[in-house]
Amino acid sequence: MGGENNKMGDDTFKNTLFGFILISLFGMLLLGAVLEVGEEYSMDTSEISGGVLSLDKFNESISSVESNAKDLNERFEKGSIWSVVAGVVVEGIFGIAKDMITMILLPFDILIDIMSNVFGVHAYVTSTLLGLIIMGIIFSIWSLLKIGR
Amino acid sequence: MVYLSPASINASLGFGEVLTYVNTITNSWISNMFLLGIYVIILMGFYKAKDDFSGAMAVAGYGTFVISLFFWVGGFISGWSFGIVIGLAILGTAILMMDHN
């Protein structure tokens, strides 16, 4: 029962974190569409894209997602667990985690390059997706290490 | 304020002329009410169909956003009204993302 609660707690936090990042991305996409269509039809977009709905604010919010995720990844790979219950220090397993992350990320890197080069998807979209994937992998591997299955 | 006479428009050019006239003399009130109606209809329709209020807010927000984008480009609603619609769409997204049920 307690384990279920802990698992639910982890999932809720992950969803909240991802939710905050994706809200900025959605805001950016909506405003991007407004600015693009508005400029095409010679509309004054300053009234909409200013103040609270400023494009810069959304951009600031999501521009650092990928670099932050990579930073988290580096710190995760260097980490160690000192388990009070088992009385052991686990360090070597993070080397395995590093290889696992690299293996999982490789196809996503290629996919994101294709999205960017072939379909012309904006860099902030691909950066956010890559950041979410890296964080998702960290959460998954942490869960694997913690639960041990 | 002197309102434009209905006789001044050429209704034979299409119903769009009538709509533009109505929108002009009501100072965009009719378009704002139309968007509000669309929002509430989608919100309530989705909520009754799926019993999911956060999903309904997001869908209603996006649906109204698309229609209001056309309205804004056509000059039927002000940027201020359009900003509110964008805010509603982003709010709907936020509620959807934060809903863990």
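Residues numbered from 1 in each chain as written. Chains lettered and ligands numbered in written order. Predicted model: local features only at pLDDT ≥ 70, side-chain atom pairs only at ≥ 80, totals over all residues.

Novice: What exactly am I supposed to notice about the domain arrangement of chain A here?
Specialist: For interface size, the figure often reported is the accessible area lost on association. Residue and element names in this part refer to chain A. You can read the domains of chain A as domain 1 (1-61) and domain 2 (64-149). Ranked by residues supplied to the side of domain 1 that touches domain 2, first place goes to helix H1 (residues 2-40) with 6 residues. Residues belonging to the side of domain 1 that touches domain 2 are distributed by class as follows: 4 nonpolar, 1 polar and 2 charged. (Domains from an automatic or database assignment. Helix = DSSP H or I, 4+ residues; strand = E, 2+ residues; numbered from the N terminus. Nonpolar A, V, L, I, M, F, W, Y, C, P; charged D, E, K, R; others polar.)

Novice: When you look at the packing of helix H3 (residues 53-73) of chain B against helix H4 (residues 79-98) of chain B in this model, what are you seeing that I'm missing?
Specialist: Residues and elements named next belong to chain B. In the contact formed by H3 and H4, the axes pass within 8 Å of each other and the chain directions differ by 155°. When the axes of H3 and H4 are compared, the pair comes out roughly antiparallel. In this structure, the crossing between H3 and H4 has a hand that is left-handed. Taken together, the residues of H4 that come into contact with H3 (itself represented by Ser 54, Gly 55, Met 57, Ala 58, Ala 60, Gly 61, Tyr 62, Thr 64, Phe 65, Ser 68 and Trp 72) are Gly 79, Phe 82, Val 85, Ile 86, Leu 88, Ala 89, Leu 91, Gly 92, Thr 93, Ile 95 and Leu 96. (Axes fitted to C-alpha atoms, helices over the stretch in contact; angles between N-to-C directions. Parallel < 35°, antiparallel > 145°, perpendicular 65-115°, else oblique. Left-handed = near helix turned anticlockwise from the far one by under 90°. Contact = placed C-beta atoms within 7 Å.)

Novice: In this structure, what is going on with the packing of helix H2 (residues 29-50) of chain B against H3(B)? I would like to understand it.
Specialist: The axes of two packed helices give the description: the angle between them and the distance between them. Residue and element names in this part refer to chain B. Contact pair H2 / H3: the axes reach a minimum separation of 8 Å and the direction vectors enclose 150°. One way to sum up the angle between H2 and H3 is to call them roughly antiparallel. Judged by the twist between their axes, the crossing of H2 over H3 is right-handed. Residues Ser 31, Leu 35, Ile 38, Tyr 39, Ile 42, Leu 43, Phe 46, Tyr 47 and Lys 50 of H2 form the contact with H3, whose participating residues are Phe 53, Gly 55, Ala 56, Met 57, Val 59, Ala 60, Gly 63, Thr 64, Ile 67, Ser 68 and Phe 71. Grouping the amino acids of the contact of H2 with H3 by side-chain chemistry returns 14 nonpolar, 5 polar and 1 charged.

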